[in-house]
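Topology and contacts: notes
Take a look at the letters that make up each chain.
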Amino acid sequence: MDDVDFQCMDFKEIIQNLIVKDSSPVIHEAIDRLFMDIANINRESMAEIQDAQVEEMAINLWNWAVTKRVVLVISKEEKAKLRHVACKLLCMCESSSTSEEAIHRRILMNMKTGKGWVDVGNAVIADEFFQAAMAGLEQLYAKLMQSSFTETQVTVQKLTIERNLFKVLSYQAESAIAQDDFQRASTCIMRCKDMLMRFPKMTEYLLILCYNFGVETHMLNKYEESCYWLSQSFDIGKMDKNSVEPEMLAKILRLLATVYLDWNDREYYDKALSAVNLANKEHLSSAGLFLKIKILLKGETANEELLEACIEILHLDVSLDICMSIAKLLMDTEREFVGFHFLKIICEHFKSSENIGKALLLHIDILLQKKEDLLAKEKIEEIIVGQETGRPLPTGLIGCLHNILWKRAYRSFQVHNYNDALHWYCYSVRIYESDQMDMEFPKLKRNMASCYLHLKQLDKAKEAVEEAENLDPGNIFTQFYLFKIAVMEGNSDRALQAITTLENLLTTEALEGNDPLADTSSPVKIFSLAAQFALENGQQVAGEKALEYLAQYSEDPEQIFTALKCLFRLLVPKVSEMPESENKKKEMDRLLTFLNTVLLKLPQSFLGEDSTSDSRINEAHWFRKIAWNLAVQCSKDPVTMREFYILSYKLSQFCPSDQVILIAQKTCLLIAASVDLEQGRKASTAFDQTRFLNRALEQVHKCRDIWNLLKETGDFSNDPCETLLLLYEFEIKAKMNDPLLDSFLESVWELPHLESKTLEIIAILAMEMPAYYPSIALKALKKALLLHKRKESFDVLKYSNCLHNLINLLMPNGVPNTKLCPLEELWNYFEDALNHTVSHTDGYPETEILWLMMMSWNIGIYMYGKGKYVSAEKWCGLTLRFLDHLGSLKRIYETQINTLYSELVEALHKNKDSVFYEE
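Counting from 1, residues in each chain are numbered in the order their sequence is written. Note on the predicted model: pLDDT of at least 70 is required for a residue's local features to be given, and 80 or more for side-chain atom pairs to be given and counted; whole-chain, interface and lining totals, by contrast, use all residues. Heavy atoms from the whole structure form the basis of all side-chain values; hydrogens and water molecules are not counted.

The chain is annotated in an unreviewed UniProt entry as Protein ZIP4 homolog from Pipistrellus nathusii.

What follows is the structure in structure tokens.
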């Protein structure tokens, strides 16, 4: 069957393959297939197979199921399915209904198949087979009556039939119980009960069956049915006391009493008491007596009768533990008089027992529970005296006594009665002094220290904690109390040392997987308490450190935000007043770390809830404003300022994108880009420069996206953001020698509102090292110059400055760059300047006129040196024209220029032939 798909086989082939190849991994599927198919198979559908073959197939399948169940290859349910199939097959054979042997086999198979279905919880299918078994028994009985057997033979055969009938009836009762059919189940059991006289050996079987029915129905709170079955079980047991042990009868009656008690302890009190008395009469036991006491406690039993029942149990040589359980029961039901009296009797009865200490401790514990403190103290003093005089408690009980004392001390501690708590702790100390120390002693000292702290007795608290520290230096609670003492003493250094030690201990425990607070507290709780205590007592430095650890180790975002808010409220005012120094830088870095923690935890706080949660948005707003304000305070430290602005931007991303937030984000990114750009300018290596410039470019792109959104919310025509972004991006691309710079500028040149100042800055940036783009600079300055001239209100100063930069660009080192610009074009710029000088005599800067005069003279001399005398005379003549427009400086330069010009003209006449070599 490993190699063949059984889904393609017929019914017979599946059975054959299942039996032959029984190790197949698809055995379970094969069983399910057989079980489903048998419902649709009858004798006609298998007409080609003879009865003998069908019967053989059925018996083989039956035997295989029994064998495989033994070796646990198949489950109980699968075994029931296989028996079901085998039984159905057998019943199809005509020959199976003829011989007595065949009928008997069919009866047994139906009985066992039905019982199998009952055992796996399918009583409905089981009934079908029980009915078939009943029919078979009737058929067999009819054959017996028609047979020619002797009277003896008939009697034997009838007994066999009746024995099988007994079994089928008992199985039917089980099925009825499973189907909640009490009437049918009781009918079947009564028929079985009537047959017990003929089958006395079945008494115990039927008794246990009824007892189990009683247990099952009791568990389902069907008290009336449970009482019926248990009563039947007891009655059946009485029918043959020789085969039923008294212990079993007592067990039945005790359960019956318990059912009556659970059913209605008032209405059935007498029946419960009667049942337990009868149980104790059948077989006296500690369980029976305990139950009797439990029942008596439900009624208005007099103390004397109750005590008598308790004392009676002592005569059974029961254990101390059982007696103590009775004492606890008496106390729990508020029968203190009997309980305390019985405790005294117990202590006297077991005084020579090595376990008598248990009773003594129980007595003390109950006295304390009932607030009989004076009597409890007497008992404790007796034990302490015994410890000191050679009558010690066993080691295991010493720990129990400590627990009792500590619980009592804690009760006083909870109601702030610290002196009383110390009184009980002192008993524990006295016991330790007379016994060996253990690792609980430091805990005792810490508990006492806590009481002393509440009483403001610092010296005693300090002494107790130091003793605990000597014995258990690595305990976190010891360090916590040392911290509290240092805070209360006003010792900042010691408090800071203690909280740091506490942090080291907690992290070490966590790394080792040995968290001492896992069950009772947490490091976070300790730090929270430490911070609160320090701040309440005016120790800000220690409080800050505790808050810092709280934020570091907490996994609760809300708790982290609360701790960090406290830290910012404490630190920001203090840092704001600090002068610029290394200490201030360290504090600012510390605040940066806190804000980064917020940034890390904010996304976690949004998990599992609406991303627009008001509380989370408010947190983001609060922290982004803090980051912004800190950035403003760092104006003298641009790098740190940038970090705060970037954090403010990132935190604002958790806020709704309204206009206010968009403006804040735009500002943060602009300033961050500016700082990155400045760092790129100052970078000492190409690698650093590239890193800073790339980072700046990233901020520029983000900022542009935000700017585009912001423009949709209102009028921002006066905002320089777009211009700054343009200049930043141009400078970055220019300094990085971006091959796409020209394509970037194509869109820039087309901008409608580009100002002359922006163009002049582009020109400067185009020539600022390491960038070198003279053609871009020239184009920008030419456009700027044109814009100056087109303005309605001509600004001669701005125009002169722009022209100055343009001529400087075209005359590097005072020499015309004809590759960049033809000489004629350069001449036009000078002519243009001269025209504006004439039209704005009073406004054009005299220094600029002087500079233009000098530059034109230099060009003339340069032309003369090149043998271009006509050009030389032309440019030098331009110099004289500029000279005419000088003001106060004219008299200084006039004589010198005229003399030089005369000498130049004379030299030109001597070399007049050279004119033919020009151009």
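And the narrative resumes.
Turning our eyes to something else, we now look at the overall build of the chain. Each helix is a run of DSSP H or I of at least 4 residues and each strand a run of E of at least 2, with the numbering of both proceeding from the N terminus. A tally of helices and strands in the chain yields 41 helices and 0 strands. Compactness check: the chain gives a C-alpha radius of gyration of 54 Å against a globular reference of 29 Å for 919 residues, more than 25% above the reference. Reported as C-alpha extents along the three principal axes, the dimensions of the chain are approximately 175 × 95 × 45 Å. Here the term buried applies to any residue with accessible area under 20% of the maximum for its type, exposed to any over 50%, and partly exposed to those in between, with areas from a 1.4 Å probe on protein chains only. The buried share of the chain, reckoned over its 919 residues, is 48%. Atoms counted for the radius of gyration: C-alpha only. Globule rule: 2.2 Å times the number of residues to the power 0.38.

Think of a patch as exposed residues, more than 30% relative accessible area, with no salt bridge, where like charges cluster within 9 Å and nonpolar side chains (Val, Leu, Ile, Met, Phe, Trp, Tyr) cluster within 5 Å. For every accessible area listed, the method is Shrake-Rupley and the probe measures 1.4 Å; residues are considered covered only by the protein chains on display. For this document, the term salt bridge refers to a Lys or Arg side-chain nitrogen within 4 Å of an Asp or Glu carboxyl oxygen. Charge counting treats Lys and Arg as positive and Asp and Glu as negative, with His and both chain ends excluded. Where a charge lies is defined by one atom per residue type: Lys uses NZ, Arg uses CZ, Asp uses CG and Glu uses CD. A cluster of basic side chains, namely Lys 112, Arg 163, Lys 167 and Lys 201, defines a positive patch on the protein surface. Following the sequence through the fold, Arg 163 ends up in helix H7 (residues 151-178).

Every helix has an expected span of 1.5 Å times one less than the residues it contains. The terminal C-alpha atoms of helix H32 (residues 686-711), which comprises 26 residues, lie 37 Å apart, in line with the 38 Å expected from a rise of 1.5 Å per residue. Every buried residue of H32 is listed here: Gln 689, Phe 692, Leu 693, Ala 696, Leu 697, Gln 699, Val 700, Cys 703, Ile 706, Trp 707 and Leu 710. Pairs of residues are marked as contacts when any of their non-hydrogen atoms sit within 4.5 Å. Those residues of H32 hidden inside the fold are in contact with helix H30 (638-652), helix H31 (659-682) and helix H33 (721-735).

The next point concerns the pattern of salt bridges. Scanning the model with the defined rule gives 42 salt bridges in all. Of the charged contacts, one joins Lys 584 and Glu 580 as a salt bridge, the two residues approaching to 3.2 Å between their closest N and O atoms. In this structure Lys 584 comes out as buried when scored by relative accessible area, which is 7%. With a closest N to O distance of 2.9 Å, Arg 695 and Asp 676 form a salt bridge.

On to the UniProt feature "repeat: TPR" (unreviewed entry) in the chain. UniProt positions are given in the numbering used here, feature names are shortened, and annotations may be inferred rather than shown by experiment. Per the UniProt record, "repeat: TPR" (unreviewed entry) is annotated on residues 442-475. Each end of residues 442-475 is marked by a C-alpha atom, and these two atoms are 9 Å apart; helix forms 79% of the span and strand 0%.

Another aspect to go through is helix H18 (residues 373-388). With 16 residues, H18 should cover 22 Å at 1.5 Å per step; its first-to-last C-alpha distance of 22 Å lies within 8% of that length. Summarising the contacts, the buried residues of H18 are in contact with helix H17 (356-369), helix H19 (395-414) and helix H20 (418-433). Just downstream of H18, Gly 390 is the residue with a positive phi angle, here 90°.

All right, on to the nonpolar core then. Nonpolar cores were defined as sets of buried Ala, Val, Leu, Ile, Met, Phe, Trp, Tyr and Cys residues, with membership established by side-chain atoms within 4.5 Å. In this structure, Leu 18, Leu 82, Leu 89, Ile 295, Phe 342 and Ile 364 are the most contacted members of the largest nonpolar core, which totals 162 residues. Among the elements that make up this core, the one with the highest residue count is helix H11 (residues 246-263) (11 residues). Ignoring sequence-local partners within four residues, the contact set of Leu 82 consists of Leu 18, Ile 31, Leu 34, Leu 61, Trp 64, Ala 65 and Ile 74. Counting residues in hydrophobic clusters, the runner-up holds 78 residues, among them Leu 505, Ala 534, Cys 655 and Tyr 728.

Time to look at the side chain of Asn 475. Note on placement: Asn 475 falls in the loop between helix H22 (458-471) and helix H23 (476-489). Overall, Asn 475 belongs to the buried group, its relative accessible area being 15%. A polar contact of 3.4 Å, which involves the side chain of Asn 475, links it to the side chain of Arg 446. Side-chain polar atoms of Asn 475 contact the backbone nitrogen of Phe 477, separated by 2.8 Å. Once residues within four sequence positions are removed from consideration, Asn 475 is found in contact with Arg 446 and Leu 505. Polar contacts here mean pairs of N or O atoms no more than 3.5 Å apart (in protein, one a potential hydrogen donor and the other a potential acceptor; neighbouring residues in sequence count only if both atoms are side-chain atoms).

In this structure, Pro 770 follows Met 769 across a cis peptide bond, with omega equal to 5°. Residue position: Pro 770 is located in the loop between helix H35 (756-766) and helix H36 (774-790). Of note, Lys 371 is a non-glycine position whose phi angle comes to about 60°, a positive value.

This part is about the environment of Gly 887. You can see Gly 887 is positioned in the loop between helix H40 (869-883) and helix H41 (890-910). Residues Gly 887 and Val 120, spaced 767 residues apart in sequence, show a C-alpha to C-alpha distance of 122 Å.

Let us now look at the side chain of Lys 565. Structurally, the position occupied by Lys 565 is in helix H27 (residues 557-576). Classification of Lys 565 as buried rests on a relative accessible area of 18%. Setting aside chain neighbours within four positions, we find Lys 565 in contact with Glu 619, Trp 622 and Phe 623.

For Phe, Tyr and Trp, where Trp contributes only its six-membered ring, two rings pair if their centres lie within 6.5 Å, and the inter-plane angle classes them as stacked under 30 degrees, edge-to-face over 60, or tilted in between. Scanning the entire structure with this criterion turns up 29 aromatic pairs. Both rings, one in Phe 182 and one in Trp 229, keep their centres 5.7 Å apart while their planes meet at 75°; by these two values the pair is edge-to-face. Separated by 47 residues along the polypeptide, Phe 182 in helix H8 (residues 182-194) and Trp 229 in helix H10 (residues 223-239) bring together distant segments of the chain. For Trp 229, a relative accessible area of 0% translates into the label buried. Each ring, one from Phe 213 and one from Trp 229, has its centre 5.1 Å from the other, and the planes form 70°; the classification is edge-to-face. Remark: Trp 229 occurs in helix H10 and Phe 213 occurs in helix H9 (residues 203-219); sequence separation between them is 16 residues. Each member of the pair, Phe 213 as well as Trp 229, carries the same accessibility label: buried.

What follows is about the packing of helix H14 (residues 303-314) against helix H15 (residues 320-332). Helix packing for two helices is described by the angle between their axes and how far apart those axes are. Note on geometry: axes are lines fitted to C-alpha atoms, helical ones only across the stretch in contact, with angles between N-to-C directions running from 0 to 180 degrees. In the contact formed by H14 and H15, the axes pass within 10 Å of each other and the chain directions differ by 165°. Taken together, the axis directions place H14 and H15 in an arrangement best described as roughly antiparallel. In the packing of H14 onto H15, the handedness of the crossing is right-handed. Touching Leu 306, Cys 310, Ile 313 and Leu 314 of H14 are Ile 322, Cys 323, Ile 326 and Leu 330, all from H15. Any residue that is not Ala, Val, Leu, Ile, Met, Phe, Trp, Tyr, Cys, Pro, Asp, Glu, Lys or Arg is counted as polar, Gly included; the first ten are nonpolar and the last four charged. Of the residues belonging to the contact of H14 with H15, the class tally is 8 nonpolar, no polar and no charged. Just so you know how the angles are binned, under 35 degrees is roughly parallel, over 145 roughly antiparallel, 65 to 115 roughly perpendicular, and the rest oblique. Handedness of each helix crossing follows the sense of rotation of the near helix against the far helix: counterclockwise by less than a right angle gives left-handed, clockwise gives right-handed.

The next subject is the packing of H8 against H9. H9 packs onto H8 with a crossing angle of 160° between their chain directions and a minimal axis gap of 11 Å. In terms of orientation, H8 lies roughly antiparallel with respect to H9. Of the two elements, H8 crosses H9, and the hand of that crossing is left-handed. Every residue of H9 that contacts H8 at Ile 189, Cys 192 and Lys 193 is listed here: Leu 206, Leu 209, Cys 210 and Phe 213.

What follows deals with the environment of Lys 201. In this structure, Lys 201 sits in the loop between H8 and H9. Separated by 42 residues in sequence, Lys 201 and Ser 243 place their C-alpha atoms 7.7 Å apart.

Quick look at the confidence of the model for the chain now. pLDDT expresses, on a scale from 0 to 100, how confident the predictor is about each individual residue. Within the chain, residue pLDDT values average 86, and 92% of them lie at 70 or more. Model confidence for the chain, summarised as mean pLDDT per element, is weakest for helix H1 (residues 11-20) at 75 and strongest for H30 at 96. Contacts from residues 510-521, a stretch scored under 50 in pLDDT, to residues over four places away or in other chains number 11 contacts. Taken as a whole, residues 914-919 scores under 50 in pLDDT and shows 10 contacts with residues more than four places along the chain or in a different chain.

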